Amino acid sequence: MNIDFKDKKVLIRVDFNVPLNDAYQITDDTRILAALPTIKHVLDQGGAAILMSHLGRPMKKMKPDGSINRERFTLQHIVGHLSNKLNTTVFFSPDTVGKNALLLANELKAGEVLVLENTRFEVGEKKGDRDLARRLAALADIYINDAFGTAHRAHTSTTTVADFFSPPNRAFGFLMENELKNANKILNNPSRPLTAIIGGAKVSDKILLLEKLMDLADTLVIGGGMAYTFIRAQGGKTGKSLVEEDKIDLAKQLLKKAEATNTKLLLPQDSVVADAFKEDANTSIVSSYEIADEWMGLDIGPQARSAFADAIATSSTILWNGPMGVFEMSAFSQGTKHIAQTVASATANGAFSLVGGGDSVAAVKQMKLADQVSYVSTGGGAMLELLEGKTLPGIAAISG
Ligand code: AMP
């Protein structure tokens, strides 16, 4: 951010979409912490920070009478916590672009912070509305986008508003810069060999990522529920395991593509199978290709763990997206734990590792290994789309 913020009003799109409990207390403040460096930088340089964010999905969860549930979705819920973290007073505007916002923004002095009400209280936000963008832009001199988690959405506060600021008065914040820098270590000229570990429930969610990785990765490790669609495509018997019948042909094509691109593809040779989808089900370890009719694969087996670990240990660059099994249940969490530990040790030995995408991030955090990998992305869907090679609207709007 090579901008002079002195005496400037700076509109910063942050991602304060934090989880709240029933008493509206923040249960995980990771996203607030991630936004602090940019906010502090603007304040330290003599600017005034006007912060905007969405929180939840107010338009999808209206009250029975059809009105917005303001009590539940107001950004007021984060003001106290933010104020503590910044160690300064934080003003709050009860509207996003109305009279209050204008008045408070006008009066805001250097070093002060104003939080605008939830951007998704405005009907125009998700439509990328230009009028709303113009009214938001009128509040400030400079626009900074630091909300990586919503960079894949062409909404007003993430994308359209950038049009109303010409360079250099629009820029990425530190978090956004960091996410892009780390994604580029995978996408552009990665240090090889590059191993991508992809897991999670469904092939259908990650088709584009898998295709992209066939071109990019030296080794592609596939675990989790999605592995069974591939195993079926290879003629295996998968019992009641999660298989997307309508994606078996696609899996066959991907297997062919792996051969054509010389990508080493590793599927779990064995699985921890269970006779029910529950923690205390009966379990056994069998070949992933011979799962009996009433059983389902819920985790990778010990042979798979060690084959996957060998590939990871000899990599220079590692991308991990998606758990290896139903890690939420401890009986089926061993595979994911083992991979997390192996990625951490490979990182200690000099590899670059990026963990991106909702549930693998949850897994490394749960295992307290987040600081032992090179980078943990804050944006699930946004990171997925970036790695798929897509141009994210929030990024294009700033880069021009
Ligand atoms: P995703 O959001 O696509 O990364 O998927 C994460 C979800 O996949 C988690 O909730 C896991 O419990 C689930 N999952 C992983 N492995 C399996 C499996 N073998 N069978 C069913 N669900 C799985």
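Details of the structure are given in the entry above.
Draft legend 1. Region of interest: the packing of aromatic side chains. Evaluation of the coordinates by the stated rule reveals one aromatic pair. When the ring of Tyr143 is compared with that of Phe165, the centres are 5.9 Å apart and the planes differ by 25°; the resulting orientation is stacked. Note that Tyr143 is positioned in strand S5 (residues 142-145) and Phe165 in the loop between S5 and strand S6 (170-172), a separation of 22 residues in sequence. On the basis of relative accessibility, which here comes to 0%, the residue Tyr143 falls in the buried class. On the basis of relative accessibility, which here comes to 4%, the residue Phe165 falls in the buried class.

Draft legend 2. Fine view of the sheet that holds strand S12 (residues 283-287). Strand order in this open sheet of three strands is S12-S11-S14, and the pairing throughout is antiparallel. Both edges of this open sheet fall to S12 and strand S14 (296-300), since each of them pairs with a single strand only. In this sheet, neighbouring strand axes are inclined to one another by 40° on average, regardless of whether the strands run parallel or antiparallel. For strand S11 (residues 270-274) and S14, the ladder comprises four bridges, and the chain directions are antiparallel. Of the residues in S14, the one forming a bridge with Val272 is Asp299. Where helix H10 (residues 302-313) meets the sheet, its contacts fall on S11, S12 and S14, and the angle it forms with S14 comes to roughly 40°.

Draft legend 3. Quick look at the site of the ligand. As a matter of local geometry, the ligand sits amid 15 residues, with Ala201, Gly225, Gly297, Glu328 and Asp359 nearest to it. In this structure, an oxygen atom belonging to the ligand sits 3.1 Å away from a main-chain N or O atom of Ala201. Within the side chain of Glu328, a nitrogen or oxygen atom sits 2.5 Å from an oxygen atom of the ligand. Contact with the protein chains hides 81% of the accessible area of the ligand, taken as 510 Å² for the molecule alone. The residue inventory of the shell around the ligand, partitioned by class, reads six nonpolar, six polar and three charged.

Calculation criteria
Residues numbered from 1 in each chain as written. Predicted model: local features only at pLDDT ≥ 70, side-chain atom pairs only at ≥ 80, totals over all residues. Heavy atoms only, no water. Phe/Tyr/Trp six-rings, centres within 6.5 Å; stacked < 30°, edge-to-face > 60°. Helix = DSSP H or I, 4+ residues; strand = E, 2+ residues; numbered from the N terminus. Buried < 20%, exposed > 50% of the residue type's maximum accessible area, 1.4 Å probe, protein only. Pairing = 2+ DSSP bridges. Axes fitted to C-alpha atoms, helices over the stretch in contact; angles between N-to-C directions. Contact = heavy atoms within 4.5 Å. Near = heavy atom within 4 Å. Polar contact = N/O pair within 3.5 Å; in protein donor to acceptor, adjacent residues only side chain to side chain. Areas by Shrake-Rupley, 256 points an atom, 1.4 Å probe, with all protein chains shown as cover. Nonpolar A, V, L, I, M, F, W, Y, C, P; charged D, E, K, R; others polar.

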